[in-house]
Structures are given as C-alpha cells and as structure tokens.
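One letter stands for each residue in the lines below.
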Amino acid sequence: MPEFTSEAPPYRIALPHKGVLAPKARELLLAAGYRCGTPSERLQCRDPGNNTEFLYLRARDIPPLVAEGLIDAAITGRDFVAESERDLVELLALGFGRASVHYAVPAGEDSDLHVLHGRRVATALPALTRRDLAGRGIDARVVSMTGAVENAVHVGIADAIADVVDSGRTLAAHGLKIIGPPLIRSEAVLIARPDRASRSATVELTRQLAALVYTTAA
Ligand SMILES: Nc1ncnc2c1ncn2[C@@H]1O[C@H](COP(=O)(O)OP(=O)(O)OP(=O)(O)O)[C@@H](O)[C@H]1O
Ligand SMILES: O=P(O)(O)OC[C@H]1O[C@H](OP(=O)(O)OP(=O)(O)O)[C@H](O)[C@@H]1O
C-alpha cells in the first residue's frame, strides 16, 4: 500500500556544488536556518524541518532546470541566467561572486570595440556574446569553449575573447586587455520562474536571505 501523507511535496532549492559561488551560497542558506548538507558528501539533501530538498548542481546548469519547473528557487550567477536565455526572475542580488564579462584583445591592438568586426571571439558564454555583438551591430564569429578561454588567441582559434574578469590578473598574464564596456556585471543571484515567484515559500526564502544580505552589507 502506498503511504499517504498530508505534507506538501518538498520545496526544491538548487545551489552550486563547487566553484566560486558554492561556499558562500551554502553559508547563506545555513545562516538562514536551513540544513542544506555538504555537497562533497552528497548532492541531494532533505531538510525535513523546512520541508525543503537541496540539490547541488553546476552553477551553469541551474537556470534551465529552474525554467523547466524542476526546481523552485536557486542560487547561480547572473551571467549564467543571461546565457540560458530563459524566462527567469531575479528575486535578490546576493552581493557575492561579483565579476564582469568583458571583451579582451591582445594588448597591442586598438581599443575600439569595432576591432571585433569580421573577427573570431572565443567565449564560454556564446549566447550572451552573440546577443551582445548583435546589439552593438558587430558582425563577428563566436567560437564556443567550455573554459581556459584566455588561451584561445595564443592557440590561434580566435582573435579576441569574451570572458569573466574579476581582478584582471588572468588577462594581464595572457597579454590581453579589456576593450569596451562589460557585456554584463554579474554576481550571485536568487532566481525563480515568474509563475513561482509569488509562492509563499519563495517569498519567505527571499525575505530571509534579504535580511542576511542587507545586514552583511550594512
Ligand atoms: N574570479 C572569478 N572567476 C570565475 N568566475 C567568477 C569569478 N568571480 C565571480 N565569478 C562568477 O562565478 C560564476 C562561475 O562560477 P564557477 O566557478 O562555478 O563556474 P566555472 O568553473 O567558471 O564554469 P563551469 O562550471 O562552466 O566550468 C559565474 O557566475 C561568474 O561570473
Ligand atoms: O580576473 P581574474 O581575477 O584573473 O579572474 C578571471 C578568471 O577566472 C575565470 O576562470 P576560471 O578560474 O573560472 O577558469 P575557467 O575559465 O577555465 O573555467 C575566468 O574565466 C578568468 O579566467
């Protein structure tokens, strides 16, 4: 006989399992009183007290899964949300994981963005880059990579890159310089699907995290 309970199915929250955003995302949920487990041990965790299930996923994979309705709310990077091109609501900017995505070319080149015309731009954010180039009326070819993008020019598969820049040390070490304004200024964000944004559990989660984020910022 199946067991029937009156309890609603658990609310599902996704967090990055590793990478730059992972430690602070988990710390924030712990500080908000959730028992979100330890991703190095297990990538799923039930928090019965809050009737919540935590799923640890790659930050980049999170936006489409939220958009599909498989996850109720999640923390990921704003750049990954933009890259997904899905209809998602940014409920809260979390104030960590700040970085910008920039175009960069060899240090000796002209600094005008129009140097990109007719050239190849390597990036791990191809959809975002295509949209940005089109929006600026620049006809360039986007070369998709999954990492180590700053090597693309040296290897000879691209003339420029569009990549995440934080301190700028990686670009400098590879003889590259930023050109033009950022494609996007990113940070960790709490996201949901538009039709789930007003659910009471989502509103409560946003309220709890906002209280912590604003206290830390003050
Ligand atoms: N110094 C940094 N280097 C890389 N990403 C950063 C940095 N600072 C903030 N970020 C942000 O962190 C996220 C990237 O995190 P993560 O380390 O999980 O991904 P990744 O390893 O670059 O990508 P992938 O999972 O595709 O390999 C993005 O939202 C990015 O904007
Ligand atoms: O401006 P900086 O402080 O030097 O940081 C930016 C660097 O960090 C990121 O790389 P990451 O470590 O995520 O490696 P990957 O690009 O190969 O995934 C990004 O792609 C840059 O290479």
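Residues numbered from 1 in each chain as written. Chains lettered and ligands numbered in written order. Predicted model: local features only at pLDDT ≥ 70, side-chain atom pairs only at ≥ 80, totals over all residues. Heavy atoms only, no water.

- An unreviewed UniProt entry annotates the chain as ATP phosphoribosyltransferase originating from Actinoplanes teichomyceticus.
- According to its UniProt record, the chain has this under Catalytic activity (unreviewed entry): "1-(5-phospho-beta-D-ribosyl)-ATP + diphosphate = 5-phospho-alpha-D-ribose 1-diphosphate + ATP".
- Under Pathway (unreviewed entry), UniProt gives the following word-for-word description of the chain: "Amino-acid biosynthesis; L-histidine biosynthesis; L-histidine from 5-phospho-alpha-D-ribose 1-diphosphate: step 1/9." (UniProt positions renumbered as here; feature names shortened; annotations may be inferred.)

1. Comments concerning the domain arrangement of the chain
- Here the domain parsing of the chain yields domain 1 (11–97 + 187–217) and domain 2 (99–186).
- Centre-to-centre, using C-alpha coordinates, domain 1 lies 29 Å away from domain 2.
- Counting residues at the interface gives ten residues for domain 1 and twelve residues for domain 2.
- Counting across the domain 1 and domain 2 interface gives one salt bridge.
- A salt bridge links Glu 85 to Arg 131; its shortest N-O distance comes to 2.7 Å.
- Counting across the interface, domain 1 meets domain 2 through nine residue pairs in polar contact (both at pLDDT 80 or more).
- Among the elements that line the side of domain 1 that touches domain 2, the one with the most residues is helix 3 (residues 78–84), at five residues.
- When grouped by side-chain class, the residues that make up the side of domain 1 that touches domain 2 number two nonpolar, two polar and six charged. (Domains from an automatic or database assignment. Contact = heavy atoms within 4.5 Å. Salt bridge = Lys/Arg side-chain N within 4 Å of Asp/Glu carboxyl O. Polar contact = N/O pair within 3.5 Å; in protein donor to acceptor, adjacent residues only side chain to side chain. Helix = DSSP H or I, 4+ residues; strand = E, 2+ residues; numbered from the N terminus. Nonpolar A, V, L, I, M, F, W, Y, C, P; charged D, E, K, R; others polar.)

2. Topic: the sheet that holds strand 9 (residues 160–165)
- Sheet architecture is open: five strands sit in the order 8-7-9-6-10, paired in mixed fashion. Looking at strand neighbours, the two that pair on one side only are strand 8 (141–144) and strand 10 (176–186), the edges of this open sheet. The mean angle between the axes of side-by-side strands here comes to 30°, regardless of whether they run parallel or antiparallel.
- Bridge count for strand 7 (residues 120–123) against strand 8 is four bridges, and the pairing is parallel. The residue bridging Arg 120 from the neighbouring strand is Arg 141, located in strand 8. (Pairing = 2+ DSSP bridges. Axes fitted to C-alpha atoms, helices over the stretch in contact; angles between N-to-C directions.)

3. Looking at the site of ligand 1
- Taken together, 16 residues surround ligand 1, and among them Val 20, Arg 58, Arg 60, Asp 79 and Asp 166 come closest.
- Arg 60 is positioned such that a nitrogen or oxygen atom in its side chain is 2.5 Å from an oxygen atom of ligand 1.
- For ligand 1, an oxygen atom lies 2.6 Å from a polar atom in the side chain of Asp 79.
- Within the complex, the protein chains bury 75% of what would otherwise be the 610 Å² of accessible surface of ligand 1. (Near = heavy atom within 4 Å. Areas by Shrake-Rupley, 256 points an atom, 1.4 Å probe, with all protein chains shown as cover.)

4. Here's the deal with the pattern of salt bridges
- Throughout the structure, instances matching the rule amount to 14 salt bridges.
- Notably, a salt bridge pairs Glu 187 with Arg 78, separated by 3.6 Å at the nearest N-O pair. Of the two residues, Glu 187 is situated in the loop between strand 10 and strand 11 (188–192) and Arg 78 in helix 3; the sequence distance between them amounts to 109 residues.
- Its relative accessible area of 10% is what places Glu 187 among the buried residues.
- Measuring nitrogen to oxygen at the nearest pair gives 3.9 Å for the salt bridge that ties Asp 159 to Arg 119. With a gap of 40 residues between them, Asp 159 in the loop between helix 5 (152–155) and strand 9 and Arg 119 in the loop between strand 6 (99–106) and strand 7 connect regions that are remote in the sequence.
- The network of salt bridges with shared partners includes Arg 78, Glu 90, Arg 98 and Glu 187. (Buried < 20%, exposed > 50% of the residue type's maximum accessible area, 1.4 Å probe, protein only.)

5. Some words on the packing of aromatic side chains
- On inspection of all chains with the given rule, the structure shows one aromatic pair.
- Their ring planes at 80° and their centres at 5.8 Å tell us that Tyr 34 and Phe 54 sit as a pair that is edge-to-face. With Tyr 34 in the loop between helix 1 (22–31) and strand 2 (44–47) and Phe 54 in strand 3 (residues 52–57), this residue pair connects regions lying 20 residues apart in the sequence.
- By relative accessible area, Tyr 34 is classed as buried at 9%.
- Phe 54 gets classed as buried once you look at its relative accessible area, which sits at 0%. (Phe/Tyr/Trp six-rings, centres within 6.5 Å; stacked < 30°, edge-to-face > 60°.)

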